[in-house]
Amino acid sequence: ERGTILHRCFEILCTDRKLEHIIPRATGHEFGDGELEEISSAVDQFENWLEHRFTGSILEHEVPFLSLDKNGSVIQGIVDLIVETDDDIWIVDHKSDRGDDLDEIFKFYWPQLKCYADAISNTRSNKRMGGVIINWISHGRVSLLKFE
């Protein structure tokens, strides 16, 4: 439940900061003193990192996709964020895990991230897949895996 609430907060705040007032209704959660400010600060930190790392990129939030994998199976999902630069596309997934070994947790999520990257790459063949990113909401950190 915590992860769903945090994800929805990022979805709303990254789309339009003026919508902060709808977050309690959109999440069904009553926030305590300072909690929304803390989440807003985490969104600021993440957006600043994105702007610094991918200056001038196009951001698409909550992007649904439908694709076929190499075996012909239908794959569908929603990518939290697609970052499109002049040269490539990056997949971003927001995660709210609290564990300390983020490298191990990244490995756990790798099949999902790879599936998303392959699916988006199939639907947007005009650009190469740059890599995948996990935004560790609970840690205020980012893990980035660049594809070669």
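Refer to the structure printed above.
Residues numbered from 1 in each chain as written. Predicted model: local features only at pLDDT ≥ 70, side-chain atom pairs only at ≥ 80, totals over all residues. Heavy atoms only, no water.

(A) A look at the side chain of histidine 94. Structurally, the position occupied by histidine 94 is in strand 3 (residues 88-95). Looking at histidine 94, its side chain comes within polar contact range of the side chain of asparagine 135, at 2.9 Å. Leave out the neighbours within four places in its chain, and histidine 94 touches His7, Phe10, Phe46, Asp80, Asn135 and Ile137. (Helix = DSSP H or I, 4+ residues; strand = E, 2+ residues; numbered from the N terminus. Polar contact = N/O pair within 3.5 Å; in protein donor to acceptor, adjacent residues only side chain to side chain. Contact = heavy atoms within 4.5 Å.)

(B) Representation of the packing of aromatic side chains within the structure. Here the structure, examined in full by the defined rule, presents seven aromatic pairs. Between phenylalanine 108 and tyrosine 109, the aromatic rings sit 5.1 Å apart at their centres with planes inclined by 75 degrees, giving edge-to-face as the arrangement. Counting every residue linked through ring pairs, the aromatic cluster contains Phe10, Phe46, Trp49, Phe54 and Trp90. Over the aromatic face of tyrosine 109 sits the side chain of lysine 95, whose NZ or CZ is 3.9 Å from the ring centroid. (Phe/Tyr/Trp six-rings, centres within 6.5 Å; stacked < 30°, edge-to-face > 60°. Lys NZ or Arg CZ within 6 Å of the ring centre and 35° of its normal.)

(C) Spotlight on helix 1 (residues 2-15). In this model helix 1 runs 20 Å from its N-terminal to its C-terminal C-alpha over 14 residues, within 8% of the 20 Å that 1.5 Å per residue would give. Every buried residue of helix 1 is accounted for by Ile5, Leu6, His7, Cys9, Phe10, Ile12, Leu13 and Cys14. Packing partners of the buried residues in helix 1 comprise helix 2 (23-27), helix 3 (35-53), strand 1 (58-68), strand 2 (74-84), strand 3 and strand 4 (128-136). (Expected span 1.5 Å × (residues − 1). Buried < 20%, exposed > 50% of the residue type's maximum accessible area, 1.4 Å probe, protein only.)

(D) Seen up close, the layout of surface pockets. Roughly 330 Å³ of volume is contained in the largest pocket. Around the largest pocket, the lining comprises 14 residues; the ones closest to its centre are Arg2, Leu6, Glu35, Glu38 and Ile39. The residue makeup of the lining of the largest pocket, split by class, is six nonpolar, five polar and three charged. Of the pockets and cavities examined, the second largest pocket occupies roughly 180 Å³. Ser67, Leu68, Asp69, Lys70, Asn71, Ile75, Cys115, Asp118, Ala119 and Asn122 together form the lining of the second largest pocket. Within the residue set of the lining of the second largest pocket, elements represented by two or more residues are strand 1 and helix 4 (102-123). If you tally residues by element for the lining of the second largest pocket, the top one is helix 4, at four residues. (1 Å grid on protein atoms, 1.4 Å probe; cavity = no way out; pocket = protein on both sides within 12 Å on 5 of 7 lines; lining within 4 Å. Points joined across faces, edges and corners; volume = space filled by probe spheres on them. Nonpolar A, V, L, I, M, F, W, Y, C, P; charged D, E, K, R; others polar.)

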